[in-house]
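Results of the structural survey
Chain by chain, the residues:
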Amino acid sequence: IEMSFVEVEDVIEANERLMSHVLGVAGIEVELPIQRISHDDAIARFGTDRPDLRFGLELTDLTDALRETEFRVFRGTIDGGGIVKGMNAGKRELARSELDGLIADAQELGAKGLVWAFREGDGWRSPTAKFLTDEELASLNRALGAEEGDLLLIVADKPKVANQVLGTMRTRLAERWGDIPEGANAFCWIVDW
C-alpha cells in the first residue's frame, strides 16, 4: 500500500477494510473495528505481542502481592529485579505426573521452575502453600480470581522469561485442554510500541 500524508489511523483503517474483504472471500468474518491492544498490555496479559484472543487464561502480575513474602524463591526473584506472574487455568484435576510434566515444560521453555496450586477453601493444595502466609494466599487467590478447584500456575523469574514461559504455556494448555472454540477467530492490532 502506497499512501501519502497519512496518520496511523489512516493506515490501520485501510488495512482493516482490506483484511475484512480478503478474509470475507474465504468465509471468515472480521468484525470492524478490530480490537487494539497496546504492546505493554499484550505482554502483561498474554506474555506475547501476538496474543491469541480466542480463549481466556490471561496472565496476572503477582509481584506486589508478594513483595514482602518470606518465601525465598519469590522474594529473591523480586529483590533481584524479577517478577512473579501467574495464570488461573480454571477448574482442573490433574494427576501428579501431569503437574510434574507442566514443571518440566516450564523448565524446557527457560523458567527455573513452576509453582502449581489448587485452590481449596481459603488456601491451597500445593507443595508451596506451607511457605506462604494465610494473608498471602488470600491475596494471591483474589488477584488470580481463584475459585474452589481452580488450578493456579506461577512463574518467578526475569520479566521476559516469566512472560514468555507463561505465554507459551497458556497457548499450549488451551490447545491440549480444548479451550479454543471450534472455528473461532479473533483479531487485534498491537499499538503503542
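Presented here is an overview of the structure given in this document. Keep in mind that what you see is a predicted model, and the values were worked out from it rather than measured. (Residues numbered from 1 in each chain as written. Predicted model: local features only at pLDDT ≥ 70, side-chain atom pairs only at ≥ 80, totals over all residues. Heavy atoms only, no water.)

Attention shifts here to the overall build of the protein chain. Secondary structure assignment for the protein chain yields six helices and seven strands. Counted from the first residue to the last, the protein chain has its helices and strands arranged as α-β-α-β-α-β-α-β-β-α-β-α-β. For the protein chain, the proportion of its 193 residues judged to be buried stands at 41%. Long-range contacts, defined here as pairs at least 24 residues apart, represent 70% of the contacts in the protein chain between residues at least 6 apart. As presented, the protein chain carries roughly 11000 Å² of accessible surface, and 49% of it is formed by carbon and sulfur atoms. If the 22 positive side-chain charges of the protein chain are averaged to one point and the 36 negative ones to another, these points end up 6 Å apart. (Helix = DSSP H or I, 4+ residues; strand = E, 2+ residues; numbered from the N terminus. Buried < 20%, exposed > 50% of the residue type's maximum accessible area, 1.4 Å probe, protein only. Contact = heavy atoms within 4.5 Å. Areas by Shrake-Rupley, 256 points an atom, 1.4 Å probe, with all protein chains shown as cover. Lys, Arg positive; Asp, Glu negative; His and termini not counted. Charge placed at Lys NZ, Arg CZ, Asp CG, Glu CD.)

As a further point, take the nonpolar core. Counting residues in hydrophobic clusters, the biggest one holds 24 residues, and the most contacted among them are Met87, Leu99, Leu102, Leu114, Leu151, Leu153 and Val155. For this core, the secondary structure elements donating two or more residues are strand S3 (83-91), helix H4 (96-108), strand S4 (115-120), strand S6 (150-157) and helix H6 (159-176). Sorting elements by how many residues they give to this core places H6 first, with six residues. Those residues within four positions of Leu153 in sequence are excluded, and the remaining contacts are Lys85, Gly86, Met87, Leu102, Leu114, Val115, Trp116, Leu166 and Leu173. Grouped together as the second largest cluster of nonpolar side chains are 18 residues, Leu62, Val84, Leu144 and Leu152 included. (Core = buried A, V, L, I, M, F, W, Y, C linked by side-chain atoms within 4.5 Å.)

Let's shift gears to the pairing of S4. Regular strands show a simple pattern: their side chains alternate between the two faces of the sheet. For S4, a buried count of five out of six residues is recorded, marking the element as mostly surrounded by other parts of the structure. Of the strand pairs in this sheet, S4 and S6 are connected by four bridges, and their pairing is antiparallel. Note on S6: the bridge partner recorded for Phe118 is Leu151. In sequence, S4 turns back onto strand S5 (residues 123-125) through a hairpin of two residues, with Gly121 there showing a positive phi of about 60°. (Pairing = 2+ DSSP bridges.)

Of the residues making up helix H5 (residues 134-144), those classed as buried are Glu136, Leu137, Ser139, Leu140, Asn141 and Leu144. The inward-facing, buried residues of H5 abut strand S2 (59-61), S3, S4, S5 and S6. Of the residues one or two after H5, Gly145 is the one with positive phi, at around 60°.

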